[in-house]
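Summary of the model geometry
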Amino acid sequence: MTVADDSPEARLARWIGRDAEIGLAAQRDQLVDQLAARDREIADLRERLAHLTNAVGQLRAEKAKLVGLVQRRGGGSFSHQAYRRLRSVVGRLVRP
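Residues numbered from 1 in each chain as written. Predicted model: local features only at pLDDT ≥ 70, side-chain atom pairs only at ≥ 80, totals over all residues. Heavy atoms only, no water.

For the protein, the count of helices and strands is two helices and zero strands. Total accessible area computed for the protein in this model is approximately 8100 Å², and 58% of it derives from carbon and sulfur atoms. (Helix = DSSP H or I, 4+ residues; strand = E, 2+ residues; numbered from the N terminus. Areas by Shrake-Rupley, 256 points an atom, 1.4 Å probe, with all protein chains shown as cover.)

Right, here's the structure in full:
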């Protein structure tokens, strides 16, 4: 069948089919890109979670050490120093 033999309805049907294929391919590509972006975001969040988990472990160890020091020394001004030291450690660990 040649182009001259095509009826207007057949040409219109072909054009509509091509437009639909192009539209679906564009939607698919957009969804694939969105999925890739979300996968990267998930990987970043997992990395941040690992960092924070490590920081929490270090903070717990530091807190236990400082509490032990305060209990042995009986409080007083040393407890204030321990508090300041703990705050500086927290600040250092929480920053990415």
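Assignment of secondary structure puts Val 67 in helix α1 (residues 8-73). By relative accessible area, Val 67 is classed as partly exposed at 37%. When the C-alpha atoms of Val 67 and Ser 79 are compared, they prove to be 8.6 Å apart, with twelve residues separating the residues in sequence. (Buried < 20%, exposed > 50% of the residue type's maximum accessible area, 1.4 Å probe, protein only.)

Looking at the element boundaries, Glu 62 is found in helix α1. Dropping the residues within four chain positions of it, Glu 62 is found in contact with Arg 85, Leu 86 and Val 89. (Contact = heavy atoms within 4.5 Å.)

Summed over the entire model, instances satisfying the criterion amount to four salt bridges. In this structure, Asp 29 and Arg 28 form a salt bridge, with 3.1 Å as the shortest nitrogen-oxygen distance. In this structure, the salt-bridge partner of Glu 62 is Arg 85, at a minimum N-O distance of 3.6 Å. Linking Glu 62 in helix α1 with Arg 85 in helix α2 (residues 77-94), this pair joins segments that are 23 residues apart in sequence. Overall, the relative accessible area of 39% leaves Arg 85 in the partly exposed class. A single network of salt bridges, built from pairs that share partners, joins Glu 62, Lys 65 and Arg 85. (Salt bridge = Lys/Arg side-chain N within 4 Å of Asp/Glu carboxyl O.)

This part is about the environment of Asp 6. As for its position among the elements, Asp 6 is in the segment before α1. Among the residues examined, Asp 6 registers a relative accessible area of 11% and is labelled buried. At 2.6 Å, the side chain of Asp 6 and the side chain of Arg 14 are in polar contact. (Polar contact = N/O pair within 3.5 Å; in protein donor to acceptor, adjacent residues only side chain to side chain.)

Structurally, His 80 is set in helix α2. The class of His 80 is partly exposed, set by a relative accessible area of 45%. Note: C-alpha distance between His 80 and Val 70 (ten residues apart in sequence) is 9.5 Å.

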